[in-house]
Amino acid sequence: MTTSSRFTARRRSLAAAGAATALALTLAACGSSSNSSSMPGMDHGATSSASSSPSASPADMPGMDMAGGNGLSDTQDGYRLTSKEATLPSGKQTTYRFTVTGPDSKPVTDFALDQTKRMHFYAIRSDLTGFQHIHPALATDGAWSADLASLAPGSWRLFASFTPDAGSGKGKDFVLSRTLTVPGNATKTALPAATSTAEVDGYTVTVKGNPMAGMAHPLTVSVSKHGKPVTDLQPYLDTYAHLTAFHEGDAAFAHLHPTTKVTGDHGGPDLAFHAELPTSGNWRLFLQFKTGGTLHTAALTLRVG
């Protein structure tokens, strides 16, 4: 065989080997799971809240949904948040009564513990002021009562975050909400500019991280006082801090899950959170932490790209 013939045969052999390798890689890729929930930290195991949007958003993609969805619906998978309350008075403490019904239209009475509570209830005004985080009382007939502090006039959205402990939704996280009006002269408060720090009761809270919409990102919160790291954070709801976020414009809900484990009666100064914020824009963050038996709530605006 001539040198030229040997070169041509070798080139054909290499090309055939390359094609076989490419085919093997393609088959391997096709045989693997395409669901991004197989990636660590990319799935909370819950379906997003019911929506009529015709196009998919990052929150609709596998592995991109927040636990319980964004909360902007009163129904999900047959579960419904119901209430006779359409308005509440302003300027005084009041009680909001509601019920969660299941796919059988009967009140749900079995709820699993989530961060030591069977129900987390939130109230937020449309301009993202007036934040309240409450743990309502459950009656034997499935009726809940949430005692709210004074509400300013305006439009409010009330969220119920829960996990059924029986029925078709057992073990699944839900976030449902309803809106109501507080009559009176409503004055809108402009959302404060995005910042990485906030002050509350002499404490400084600093948030570090650059979350992107629809992606899982770590977020670190540090607490200091008079320039010194705070190390006496007390356990609160089975963690050292509770972090909730609401989206500017629609008040979409997000619960940023803590990843710092409680190891004793004193924690801090750095606390780690798992952040999945499904929509870009400004999010108002509310960090709750306890020191000396007192609960503090710090608020800041976080810009998500």
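Residues numbered from 1 in each chain as written. Predicted model: local features only at pLDDT ≥ 70, side-chain atom pairs only at ≥ 80, totals over all residues. Heavy atoms only, no water.

Asker: Explain the packing of aromatic side chains residue by residue, including any values.
Answerer: Two aromatic rings, taken as a pair, are described by how far apart their centres are and by the angle between their planes. Taken as a whole and judged by the stated rule, the model has 17 aromatic pairs. The interplanar angle of 45° and the centroid separation of 4.7 Å between the aromatic rings of Tyr79 and Phe174 together place this pair among those described as tilted. Here the residue Tyr79 occupies a position in strand S2 (residues 79-82), and Phe174 occupies one in strand S9 (residues 174-182), the gap between them amounting to 95 residues. Residue Tyr79 is classed as buried on the basis of its relative accessible area, which comes to 2%. Look at Phe111 and Phe162: their rings are 5.7 Å apart centre to centre, the planes differ by 85°, and that puts the pair in the edge-to-face class. Highlighted residues: Phe111 in the loop between strand S3 (94-101) and strand S4 (120-125) and Phe162 in strand S8 (residues 154-162), separated in sequence by 51 residues. Taking the relative accessible area as the measure of exposure, Phe111 reaches 2% and is therefore buried. Taking relative accessible area as the criterion, Phe162 reaches 2% and is therefore assigned buried. (Phe/Tyr/Trp six-rings, centres within 6.5 Å; stacked < 30°, edge-to-face > 60°. Helix = DSSP H or I, 4+ residues; strand = E, 2+ residues; numbered from the N terminus. Buried < 20%, exposed > 50% of the residue type's maximum accessible area, 1.4 Å probe, protein only.)

Asker: A description of the confidence of the model for the protein chain should follow, citing residues and the corresponding values.
Answerer: The predicted model of the protein chain averages 83 in pLDDT, with 78% of residues at 70 or higher. Counting interchain partners and residues more than four positions distant, the pLDDT-below-50 stretch residues 1-67 has 72 contacts. (pLDDT = per-residue confidence, 0-100. Contact = heavy atoms within 4.5 Å.)

Asker: Pulling in residues and values, what's your account of the pairing of strand S18 (residues 294-304)?
Answerer: Across eleven bridges, the pairing between strand S17 (residues 281-291) and S18 is antiparallel. Opposite Trp283, over in S18, you have Leu302 as the bridge partner. Hairpin connection between S17 and S18: a loop of two residues separates the two successive antiparallel strands, and Gly292 in this loop has a positive phi of roughly 55°. (Pairing = 2+ DSSP bridges.)

Asker: Lay out the pattern of salt bridges in plain terms, naming residues and giving numbers.
Answerer: Evaluated as defined, the whole model comprises four salt bridges. Between Asp74 and Arg80 there is a salt bridge whose closest N-O contact spans 3.9 Å. For Asp74, a relative accessible area of 22% corresponds to the partly exposed category. Relative accessible area serves as the criterion here: at 40%, Arg80 is assigned to the partly exposed category. Across the pair Asp77 and Lys172 runs a salt bridge whose closest N-O atoms are separated by 2.3 Å. Of this pair, Asp77 sits in the loop between strand S1 (75-76) and S2 while Lys172 sits in the loop between S8 and S9, placing them 95 residues apart in sequence. On the accessibility criterion, Asp77 (43% relative accessible area) is partly exposed. Overall, the relative accessible area of 17% leaves Lys172 in the buried class. (Salt bridge = Lys/Arg side-chain N within 4 Å of Asp/Glu carboxyl O.)

Asker: Describe the nonpolar core, listing the residues and the values that go with them.
Answerer: Residues Leu219, Leu256, Phe273 and Phe289 are the most contacted members of the largest nonpolar core, which totals 29 residues. Of all the secondary structure elements, the ones that give two or more residues to this core are strand S10 (197-200), strand S11 (203-208), strand S12 (216-225), strand S14 (242-247), strand S15 (253-258), strand S16 (270-276), S17 and S18. In contact with Phe273, not counting residues within four places along its chain, are His217, Pro218, Leu219, Val221, Ala241, Leu243, Leu256, His257, Pro258, Thr259 and Leu287. Tyr79, Val108, Phe111 and Leu180 belong to the second largest nonpolar core, which has 24 residues in total. (Core = buried A, V, L, I, M, F, W, Y, C linked by side-chain atoms within 4.5 Å.)

Asker: Hey, could you go over the side chain of Asn282 for me, with residue numbers and the actual values?
Answerer: Checked against the element boundaries, Asn282 lands in strand S17. When near neighbours in sequence (up to four residues on either side) are disregarded, Asn282 contacts Leu191, Phe246, His247, Glu248, Thr301, Leu302 and Arg303.

Asker: Account for the sheet that holds S9, naming residues and giving values.
Answerer: Neighbouring strands of a sheet are bound in pairs by backbone hydrogen bonds; such pairs are parallel or else antiparallel. Reading across from one edge, S5-S4-S8-S9 is the order of the four strands in this open sheet, with antiparallel pairing throughout. Both outer strands of the open sheet, strand S5 (132-134) and S9, are each paired with one neighbouring strand and no more. Within this sheet the neighbouring strands show an average axis-to-axis angle of 20°, counted without direction. Pairing between S8 and S9: nine bridges, direction antiparallel. Within S9, the position partnered with Ala160 by the bridge is Leu176. (Axes fitted to C-alpha atoms, helices over the stretch in contact; angles between N-to-C directions.)

Asker: Could you give an account of the sheet that holds S2, with specific residues and numbers?
Answerer: Sheet architecture is open: five strands sit in the order S1-S2-S3-S7-S6, paired in antiparallel fashion. One side of each edge strand has no neighbouring strand; the edge strands of this open sheet are S1 and strand S6 (137-138). Inspection of the sheet shows S6 paired to strand S7 (residues 143-148) by two bridges, in the antiparallel sense. The partner of Ala137 across the bridge, within S7, is Ser145.

Asker: Break down unusual backbone geometry for me, with residues and values.
Answerer: The omega torsion across Gly268 and Pro269 is 5°, close enough to zero to call that bond cis. With respect to the element layout, Pro269 can be found in the loop between S15 and S16. Look at Leu128: it is not a glycine, yet its phi comes out positive at around 65°. By the element assignment, Leu128 lies in the loop between S4 and S5. Unusually for a residue other than glycine, His226 sits at a positive phi of about 55°. If you trace the backbone, His226 turns up in the loop between S12 and strand S13 (228-229).

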